[in-house]
Amino acid sequence: MSTPFHQLADRILAGAPATADDALSVLRADPAELMSLVAAAGRLRRAHFGNTVKVNYLVNLKSGLCQENCNYCSQALGSAAPVLKYSWLSPDEALDQAAAGISGGAGRVCLVASGRGPSGRDIGKVTEVVGALKERYPDVEVCACLGFLAEEQARALSDAGVDAYNHNINTAESHHAEIVQTHTYADRVDTVRTAQRVGLSPCSGLIAGLGETDEQLVEALLALRELDSDSIPVNFLMPFDGTPLAGTWELTPARCVQILATARFVCPDREVRIAGGREMHLRSLQSIALHVANSIFLGDYLTSEGQDAEADLAMIRDGGFVVLGSDEELAQRTDRPAIRRRGAGTDLLPNA
Ligand code: SF4
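Just so it is clear, the structure is predicted and the values come from calculations on it, not from any experiment.

A. Expanded view of the overall build of the protein chain. Regarding its fold elements, the protein chain presents 14 helices and ten strands. In summary, the protein chain has a C-alpha radius of gyration of 21 Å against a globular reference of 20 Å for 352 residues, a match within 12%. C-alpha extents for the protein chain along the principal axes are approximately 75 × 50 × 35 Å. Look at the contacts in the protein chain between residues 6 or more apart in sequence, and 76% of them connect residues 24 or more apart.

Written out as structure tokens, the structure reads:
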């Protein structure tokens, strides 16, 4: 049976991008159509990512003590949320943390520090950690998330081996002033573009459940497509006590799946990552959501606990997925290099 969502998937697979109206129809799907929506979004996911799940691991280098006032953030200026506060892990502590995630299967380590942006010394601390990480784990991708970045800082990170830079737009431009007043949406976009300019892979996503309208959620996703974000973390608001958004509870598990599906239809070939709030908001639909998204964080978040890493890995296996870069994933790859048996050393012409 060809449902409207499958027809939309057909159009997207044929190269026509989803429009704002398409995205709204996905976001507002009748809950009775949820599985049809997941099946259609899953076709896009499998076309670009097969049955792989990228596993990411967060290392919170510096926690709390931020001077910005992002209303959703437990680390913000004025937040009374009782989160851990500390100023910069030592390089050894950071490496130990990263090693724990890598041994659990993480293919990307995200080094995060709270604050408006790094100083020159902070960049030095991060590049030291990155150098040691890359030496020990050359195949692991490193993403940095340090706030607003000047071009020379971005270049220093890139030179040190950082692969990607995360800076979320968080919400639609038209909603941004409602959730933070100490910086602008344009400031955020500037940093994404700066990272992109020096060759860092841009990672930028959003937080759903901040009081935005459906149209604003779609606006944010279209903006991420326009920004050419390679990976798109989709966070679901965790309403920490002690923050201005405490008690805000706009999301249901089905709604979260619809949001992820909308991200998939708008950005079919981008890494869509289920990020903060996964366990709290998707609850028993987490494994269904993996048929739409292709990336998760393993274990804990910056200031909140996630489910056990073992439970995450079991969920991946139970759904018939494999961790990207794992032995199982490598074993199922069919694109093995063909050994040369022509040209030099043979009687055959090269490329015969
Ligand atoms: S989101 Fe980042 S910049 Fe905003 S308050 Fe939290 S740590 Fe600071």
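Let's pick the thread back up.
B. The arrangement of the nonpolar core in detail. Core analysis: the biggest nonpolar cluster contains 102 residues, and Val109, Leu111, Ala144, Tyr165, Val234, Leu260 and Phe265 have the highest contact counts within it. In terms of residue count, helix α10 (residues 253–266) provides more of this core than any other element does, eight residues in total. Val109 has contacts with Tyr57, Val59, Ala98, Gly101, Ile102, Leu133, Val140 and Val142, leaving out every residue within four places of it along the chain.

C. Expanded view of the UniProt feature "domain: Radical SAM core" (unreviewed entry) in the protein chain. Per the UniProt record, the feature "domain: Radical SAM core" (unreviewed entry) sits at residues 51–278. Helix makes up 39% of residues 51–278 and strand 18%, with an end-to-end C-alpha separation of 20 Å.

D. Quick peek at the site of the ligand. Surrounding the ligand, one finds Cys66, Glu68, Cys70, Cys73, Gln75, Ala76, Ser114 and Gly147. Of the residues belonging to the shell around the ligand, the class tally is four nonpolar, three polar and one charged.

E. Highlighting the pairing of strand β1 (residues 52–62). Taken across its eleven residues, β1 has eleven buried, putting it largely inside the fold. Relative to strand β9 (residues 295–297), β1 runs parallel, the two being bridged by three bridges. The residue bridging Asn56 from the neighbouring strand is Phe297, located in β9. Alignment of β1 against strand β2 (residues 108–113), held across six bridges, turns out to be parallel. Paired with Leu58 across the two strands is Cys110, which belongs to β2.

F. Just helix α6 (residues 151–160), in detail. Looking at α6, one finds that the buried residues are Gln153, Ala154 and Leu157. With its buried residues spanning 100° around the axis, α6 presents them on a single face. Exposed residues pointing more than 90 degrees away from the buried face of α6 are listed as Glu151, Glu152 and Asp159. Check the buried side of α6 and you find it contacts α5 (120–136), β3 (141–145), β4 (164–166) and α8 (185–197). Looking one or two residues beyond α6, the residue adopting positive phi is Gly161, at roughly 110°.

G. Quick look at the UniProt feature "binding site: [4Fe-4S] cluster" (unreviewed entry) in the protein chain. The residues that UniProt annotates with the feature "binding site: [4Fe-4S] cluster" (unreviewed entry) are Cys66, Cys70 and Cys73. Inspection of the secondary structure assignment puts Cys66 in the loop between β1 and α4 (91–103). With sequence-adjacent residues up to four places away left out, Cys66 is seen in contact with Gln75, Ala76, Leu77, Ser114 and Gly115. With respect to the helices, strands and loops of the structure, Cys70 is situated in the loop between β1 and α4. The class for Cys70 is buried, based on 23 C-beta atoms found within 10 Å. Other than its neighbours up to four places away in sequence, Cys70 contacts Ala76, Ile179 and Val180.

H. Representation of the pairing of strand β8 (residues 271–274) within the structure. By the alternation rule, side chains of β8 split into Glu271 and Arg273 and Val272 and Ile274, which are all buried. Pairing analysis gives four bridges linking strand β7 (residues 231–236) to β8, with the strands arranged parallel. Paired with Ile232 across the strands is Val272, a residue of β8. In this region the chain leaves β7, passes through α10 and returns to the parallel neighbour β8; the handedness of that crossover is right-handed. Of the strand pairs in this sheet, β8 and β9 are connected by two bridges, and their pairing is parallel. Its bridge partner being in β9, Arg273 is matched across the sheet by Ser295.

I. Focus on the packing of helix α2 (residues 20–27) against helix α9 (residues 214–227). Packing of α2 against α9 brings their axes to within 10 Å, and their N-to-C directions diverge by 125°. Taken together, the axes of α2 and α9 are oblique relative to one another. For the crossing formed where α2 meets α9, the hand is right-handed. In contact with Ala20, Ala23, Leu24 and Leu27 of α2, α9 contributes Asp214, Leu217, Val218, Leu221 and Leu222. Here the contact of α2 with α9 is built from residues that sort into eight nonpolar, no polar and one charged.

J. Representation of the environment of Val272. Checked against the element boundaries, Val272 lands in strand β8. Judged by the 30 C-beta atoms lying within 10 Å of it, Val272 falls in the buried class. In this structure the C-alpha to C-alpha distance between Val272 and Thr52, which are 220 residues apart in sequence, comes to 12 Å. Those residues within four positions of Val272 in sequence are excluded, and the remaining contacts are Ile232, Val234, Leu260, Ala263, Arg264, Cys267, Ala293, Asn294 and Ser295.

Basis of the calculations
Residues numbered from 1 in each chain as written. Predicted model: local features only at pLDDT ≥ 70, side-chain atom pairs only at ≥ 80, totals over all residues. Helix = DSSP H or I, 4+ residues; strand = E, 2+ residues; numbered from the N terminus. Rg over C-alpha atoms; globule rule 2.2 N^0.38 Å. Contact = placed C-beta atoms within 7 Å. Core = buried A, V, L, I, M, F, W, Y, C linked by C-beta atoms within 7 Å. Buried ≥ 20, exposed ≤ 12 C-beta atoms within 10 Å, placed from the backbone. UniProt positions renumbered as here; feature names shortened; annotations may be inferred. Near = placed C-beta within 6 Å. Nonpolar A, V, L, I, M, F, W, Y, C, P; charged D, E, K, R; others polar. Pairing = 2+ DSSP bridges. Arc of directions from axis to C-beta. Right-handed = clockwise from strand over helix to strand, strands pointing away. Axes fitted to C-alpha atoms, helices over the stretch in contact; angles between N-to-C directions. Parallel < 35°, antiparallel > 145°, perpendicular 65-115°, else oblique. Left-handed = near helix turned anticlockwise from the far one by under 90°.

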